[in-house]
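# Report on the structure
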Amino acid sequence: MKPPSRYPTPEKHSADELAKALAVLGVSTDVHHGYDLALVSVWVGLVIWCDGEWFWWRSGWDDRRKRVIYARHPALDPTRAAQRVAFRYADLRRNPPEPEALKDLLPASQDGIRP
């Protein structure tokens with residue numbers, strides 16, 4: 001394992017630029033990095049990964065194929081990527097995902113239907 005660098009790595013720099021562009025749009029974030037990957041955490045279900053060349057994030061679910069759909073954007077264009085992420089953020093705020101892990105913890109009503 002490499003010791004941490006005093007200088008920003010390409011993935012950390014790109015993630016920081018995306019975070020700045022999102023802040024301009026009013027979206028707050030947390031940036032984490034390590035092991036040649038940076039993460040920009042925005043909202044439940046919205047984390048952007050960055051390897052220094054690309055940003056990518058979960059953009060939906062393909063019910064027919066039972067798999068996640070990802071969007072990606074070149075890391076050289078953090079401003080446009082931030083606009084796309086902000087649209088996804090707004091969509092998730094309007095329609096928050098229901099956490100699968102919590103479904104089983106919710107009490108069922110008398111008729112068996114969860115609230």
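Here we summarise the structure given alongside this text. (Residues numbered from 1 in each chain as written. Predicted model: local features only at pLDDT ≥ 70, side-chain atom pairs only at ≥ 80, totals over all residues. Heavy atoms only, no water.)

## Description of the sheet that holds strand β2 (residues 37–43)
With antiparallel pairing, 5 strands are arranged side by side in an open sheet as β1-β2-β3-β4-β5. Each edge of the open sheet carries a strand with a single partner, namely β1 (30–34) and β5 (67–74). Each neighbouring strand pair of the sheet contributes to a mean axis angle of 25 degrees, computed without reference to strand direction. Contacting β1, β2, β3 (46–50) and β4 (54–62), helix α1 (residues 10–24) crosses the sheet at an angle of about 20 degrees to β2. (Pairing = 2+ DSSP bridges. Helix = DSSP H or I, 4+ residues; strand = E, 2+ residues; numbered from the N terminus. Axes fitted to C-alpha atoms, helices over the stretch in contact; angles between N-to-C directions. Contact = heavy atoms within 4.5 Å.)

## Remarks on helix α2 (residues 78–94)
Taking 1.5 Å of rise per residue, 17 residues should cover 24 Å, and α2 covers 24 Å from first to last C-alpha, within 8% of that figure. Taken together, the buried residues of α2 touch α1, β2, β3, β4 and β5. (Expected span 1.5 Å × (residues − 1).)

## Section: the side chain of serine 14
One can find serine 14 in helix α1. When its relative accessible area of 7% is taken as the criterion, serine 14 is described as buried. Here serine 14 is in contact with Cys50, Gly52, Phe55 and Ala75, once residues within four sequence places are set aside. (Buried < 20%, exposed > 50% of the residue type's maximum accessible area, 1.4 Å probe, protein only.)

## Here we look at the environment of aspartate 77
Within the secondary structure, aspartate 77 is located in the loop between β5 and α2. The sequence separation of aspartate 77 and serine 14 amounts to 63 residues, and the corresponding C-alpha distance is 9.1 Å.

## Regarding the packing of aromatic side chains
For the coordinates displayed, the defined rule picks out 3 aromatic pairs. On the basis of an interplanar angle of 80 degrees and a centroid distance of 5.7 Å, the ring pair of tryptophan 43 and tyrosine 89 is categorised as edge-to-face. In this pair, tryptophan 43 is assigned in strand β2 and tyrosine 89 in helix α2, connecting sequence segments 46 residues apart. You can call tyrosine 89 buried: its relative accessible area is 15%. Connected via pairs of aromatic rings, a cluster forms that spans Trp49, Trp56 and Tyr70. (Phe/Tyr/Trp six-rings, centres within 6.5 Å; stacked < 30°, edge-to-face > 60°.)

## Here's the deal with unusual backbone geometry
Backbone geometry places tyrosine 35, a non-glycine residue, at a positive phi of 55 degrees. The residue tyrosine 35 is located in the loop between β1 and β2 in this model. Among the residues examined, tyrosine 35 registers a relative accessible area of 72% and is labelled exposed. The residue lysine 66 is not glycine, and still its phi comes out positive at about 60 degrees. Structurally, the position occupied by lysine 66 is in the loop between β4 and β5.

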